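A structural walkthrough
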Amino acid sequence: MSGVVRLGWRLGAAAARGRAGRPLSQAPAGGDEVGGAQGGGSGSGSREAVERLVRAHPVVVFMKGSPAQPLCGFSNAVVQILRLHGVEDYRAHDVLQDPELRQGIKNYSNWPTIPQVYLNGEFVGGCDILLQMHQNGDLVEELKKLGIRSALLDAEKDQDKK
């Protein structure tokens, strides 16, 4: 399946489920709350634990490493794309620290690869889809639905003034 087709399918699925835009909470960038969600017999990779992590903040990334030190090129690309758009407040979870979470997030999204990006609790995709959204302008629109103004809009304004 081509990246564009996957993008369309994922965006269509997300739209069908509906996205209620809400303001971005002021969560610290790169916060990692992988542990602590265990109890009542549900480990960090259980559907319930993953659901809590996905819905905890408007922008959530499951990645290898941390935003300050990504441990794979694809995770690094996602961090850089978010940085380009000025998205600093997001929750990042290092799946290398928790094998149960690593498998759990793949099962939850039915997507086999890491990184995985969630906006407002909805799965967007991985590096390739986020890159495609960045290139075609869809990411600016999706961030706007979350109440986040992309820094690229301000950069364009500054460039137009010159």
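Residues numbered from 1 in each chain as written. Predicted model: local features only at pLDDT ≥ 70, side-chain atom pairs only at ≥ 80, totals over all residues. Heavy atoms only, no water.

In this section: the confidence of the model for the protein. On average, residues of the protein score 79 in pLDDT, and 70% of them are at 70 or above. Overall, residues 1-41 carries pLDDT values under 50, and its contacts beyond four positions in sequence, including any with other chains, amount to 80 contacts. (pLDDT = per-residue confidence, 0-100. Contact = heavy atoms within 4.5 Å.)

Attention shifts here to the packing of aromatic side chains. Under the criterion given, the structure shown has 4 aromatic pairs. Between Phe-62 and Tyr-118, the aromatic rings sit 5.8 Å apart at their centres with planes inclined by 80°, giving edge-to-face as the arrangement. Here Phe-62 is found in strand S1 (residues 59-63), whereas its partner Tyr-118 is found in strand S5 (residues 116-119), with 56 residues between them in sequence. For the pair Phe-62 and Tyr-118, one class covers both residues: buried. Put simply, the rings of Phe-62, Tyr-108, Trp-111, Tyr-118 and Phe-123 pair up and form one aromatic cluster. (Phe/Tyr/Trp six-rings, centres within 6.5 Å; stacked < 30°, edge-to-face > 60°. Helix = DSSP H or I, 4+ residues; strand = E, 2+ residues; numbered from the N terminus. Buried < 20%, exposed > 50% of the residue type's maximum accessible area, 1.4 Å probe, protein only.)

Moving on: the pattern of salt bridges. Overall, the coordinates contain 4 salt bridges when judged by the stated rule. Notably, a salt bridge pairs Lys-145 with Glu-142, separated by 3.1 Å at the nearest N-O pair. Of the two residues, Lys-145 and Glu-142 both sit in helix H6 (residues 138-145), 3 residues apart, roughly one turn of that helix. In this structure, the salt-bridge partner of Asp-154 is Arg-149, at a minimum N-O distance of 3.0 Å. The exposure class assigned to Asp-154 is partly exposed, which follows from its relative accessible area of 35%. The exposure class of Arg-149 is partly exposed, given its relative accessible area of 46%. (Salt bridge = Lys/Arg side-chain N within 4 Å of Asp/Glu carboxyl O.)

One finds Phe-62, Tyr-90, Ile-105 and Tyr-118 to be the most contacted residues of the largest nonpolar core, which totals 34 residues. Those elements that place two or more of their residues in this core are helix H2 (47-55), S1, helix H3 (73-84), helix H4 (99-109), S5, strand S6 (122-125), helix H5 (127-136) and H6. A per-element tally of this core places S1 first, with 5 residues. (Core = buried A, V, L, I, M, F, W, Y, C linked by side-chain atoms within 4.5 Å.)

This next bit is on the sheet that holds S5. As summarised here, the arrangement of the 4 strands in space is S4-S1-S5-S6, forming an open sheet in which the pairing is mixed. Bordering the open sheet on either side are strand S4 (91-94) and S6, each of which pairs with just one other strand. Put simply, the sheet's adjacent strands are angled 25° from each other on average, direction ignored. Pairing of S1 with S4, which is carried by 4 bridges, proceeds in the parallel orientation. Bridge pairing in S4 links Val-61 to Ala-92. Helix-sheet contacts for H2 involve S1, S4 and S5, and the interaxial angle to S1 is about 130°. (Pairing = 2+ DSSP bridges. Axes fitted to C-alpha atoms, helices over the stretch in contact; angles between N-to-C directions.)

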